[in-house]
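# Fold and contact review
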Amino acid sequence: MSRIIIVGAGVGGLCLAQGLARAGIAFEVLEADAGPWIRGQGYRLRIDAMGQQALRDCLPTSSFALFQASCAVSGSGRFVDAQLRPLRERRPDSWRENAVEGEPDGDMSADLQVLRDILSHGLAPQIRWGCRAASCEREGDGIAVHCEDGRVFRGDLAVAADGLRSALRRQWLPQAEPESIGALNIYGKVPLADAGALEPVMLAGPTVAFADGCTLVVEPMRFRAGMAELADRHAPGCRLSEPGDYLYWALFGRTERLGGPLGPDGDEEGLRQRLQAVCRDWHPSLSSLLARSAPASILGREARMAAGVPVWRAGKLTALGDAIHAMSPAGGVGANTALADAAMLARCLAEDGVGQAVMRYEADMRKRAEQALASTRAGTERLLRLA
Ligand SMILES: Cc1cc2nc3c(=O)[nH]c(=O)nc-3n(C[C@H](O)[C@H](O)[C@H](O)COP(=O)(O)OP(=O)(O)OC[C@H]3O[C@@H](n4cnc5c(N)ncnc54)[C@H](O)[C@@H]3O)c2cc1C
């Protein structure tokens, strides 16, 4: 029977693990984070119809019901300028509305940490936390993954699901390093109770402000109930983080417009000063929201994108998600594409031997990823040109 080594317990790696568990295929997940609740920052992820289908295909029915129940309740989006004046003509064709209760077609707004908790449920024996993969090599008919602490994990297939800075991709396909696109993404959140006086409409659904050369998205994340209560109701025993209701925001713009290249990770004061300089003259509901964000909740990232999906000879190592087709977060499809990759790979492995399964998966992944990269590139360029 095959054994799969998944490197990375992000949304893609964990969704694959769930799909393999469902198909009865043996696997281990190696994750660099020391534990499941190590990151304070859970941002909002919009999960589209493709991502929802992938979750439905891989998760047990009870966990999928919990995922649906744990998403925020949100309304339709509106498009405004820096003074919150409506800009109806700026609504992008690609904009997807949130799902309305009872109508399953729209996007669902998930908290990343909660989604990761749901995706980890039931997998404790197979996840190796604090295990950072460094390299891999062919070994007989299989593959060995070497970790920085000296441990070695052997299997019939290794899957690089280790995200944007994938160590395995760097070793295996160094030419596929994602490139900087000259833009930054700064994001954070404010507990709803600390958000102060806001225009009521900002609490009704996502607000997208095209403001002085940047784009700010603000979305209220209001949950149906506490996560412990939702877990008890849908998937007893599943331990979930409690994000509490909050306002998520993400600011995207050219690097020079947002104060030049970022300093080292953890430079929270530097990020706060950038935000203050950028939004000084904006509507008080927007500027005070950014000012009220706790420094520890603010993160900044240089936006990087893969130029395309390289071609390689199918073998004992494959990849999914950001590890092989990183995208600008402005497109809002990176996680959805990673989830769809994971569901497809799980399906191929359930139906075929490793060699055939990997070939079928890679052909499908390449098509999906090239489409997602093209639409993200077009959407990002449009945002940077028009904001
Ligand atoms: C602010 C923001 C908002 C976003 N919003 C959306 C959205 O609304 N919709 C959407 O579809 N996408 C969105 N994205 C993009 C999305 O988050 C990513 O595309 C997605 O998380 C990629 O999933 P992944 O599983 O491939 O990688 P990741 O989620 O990055 O997971 C990789 C995992 O691998 C681990 N790891 C790294 N290196 C190693 C190693 N050497 N050994 C072992 N483990 C390792 C990491 O710790 C991590 O847990 C957003 C991104 C940002 C930053």
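Rules used in this analysis
Counting from 1, residues in each chain are numbered in the order their sequence is written. Where totals are concerned, whole chains, interfaces and linings use all residues; where local detail is concerned, this predicted model gives features only for residues with pLDDT of at least 70, and gives and counts side-chain atom pairs only at 80 or more. Neither water nor hydrogens contribute to the side-chain values; these are computed over all heavy atoms in the structure. UniProt positions are given in the numbering used here, feature names are shortened, and annotations may be inferred rather than shown by experiment. Runs of E in the DSSP output that reach at least two residues are strands. Runs of H or I that reach at least four are helices, and both are numbered from the N terminus. Strands are labelled as partners when DSSP assigns at least two bridges between them. Axis definition: a line fit to C-alpha positions, over the contact stretch in the case of helices; interaxial angles, taken between N-to-C directions, run 0 to 180 degrees. The cutoff for a nearby residue is simple: one of its non-hydrogen atoms must lie within 4 Å of the molecule or strand. For the purposes of these results, a polar contact is taken to be a pair of N or O atoms within 3.5 Å, where, inside protein, one atom must be able to donate a hydrogen and its partner to accept one; residues adjacent in sequence count only when each atom of the pair is a side-chain atom. Calculation of accessible area relied on Shrake-Rupley with a 1.4 Å probe; when residues are assessed, cover is drawn exclusively from the protein chains displayed. Comment on the angle field: the value is read as roughly parallel under 35 degrees, roughly antiparallel over 145, roughly perpendicular from 65 to 115, and oblique elsewhere. A contact between two residues is defined here by any heavy atoms of the two lying within 4.5 Å. Throughout this entry, Asp, Glu, Lys and Arg are counted as charged residues, while Ala, Val, Leu, Ile, Met, Phe, Trp, Tyr, Cys and Pro are counted as nonpolar. The remaining residues, Gly among them, count as polar.

## Topic: the UniProt feature "domain: FAD-binding" (unreviewed entry) in the protein
- Under the feature "domain: FAD-binding" (unreviewed entry), the UniProt entry names residues 290–373.
- Between the C-alpha atoms that bound residues 290–373 the distance is 30 Å, and the span itself is 52% helix and 12% strand.

## Remarks on the sheet that holds strand 8 (residues 142–147)
- What the three strands build is an open sheet, ordered 7-8-9; its pairing is antiparallel. In this open sheet, the two edge strands, each paired with only one partner strand, are strand 7 (133–139) and strand 9 (152–155). Averaged over all pairs of adjacent strands, the angle between strand axes in this sheet comes to 20°, irrespective of strand direction.
- Direction of pairing for strand 7 relative to strand 8: antiparallel, over a ladder of six bridges.

## Focus: the site of the ligand
- Residues in close proximity to the ligand total 35 residues, the closest being Gly 12, Glu 31, Tyr 43, Arg 46 and Asp 322.
- Within the backbone of Val 11, an N or O atom sits 3.5 Å from an oxygen atom of the ligand.
- Contacts to the ligand include Gly 332, whose backbone N or O atom sits 3.1 Å from a nitrogen atom.
- Contact with the protein chains covers 88% of the free accessible surface of the ligand, which is 1000 Å².
- Breaking the shell around the ligand down by element, the ones donating at least two residues are helix 1 (11–23), strand 3 (44–47), strand 11 (179–191) and helix 10 (334–351).

## Let's talk about the packing of helix 3 (residues 61–70) against helix 4 (residues 112–120)
- Contact pair helix 3 / helix 4: the axes reach a minimum separation of 10 Å and the direction vectors enclose 170°. Comparing their axes, helix 4 and helix 3 come out roughly antiparallel. Contact residues: Ser 63, Leu 66, Phe 67 and Ser 70 in helix 3; Val 114, Leu 115 and Ile 118 in helix 4.
- Of the residues in the contact of helix 3 with helix 4, the class split is five nonpolar, two polar and no charged.

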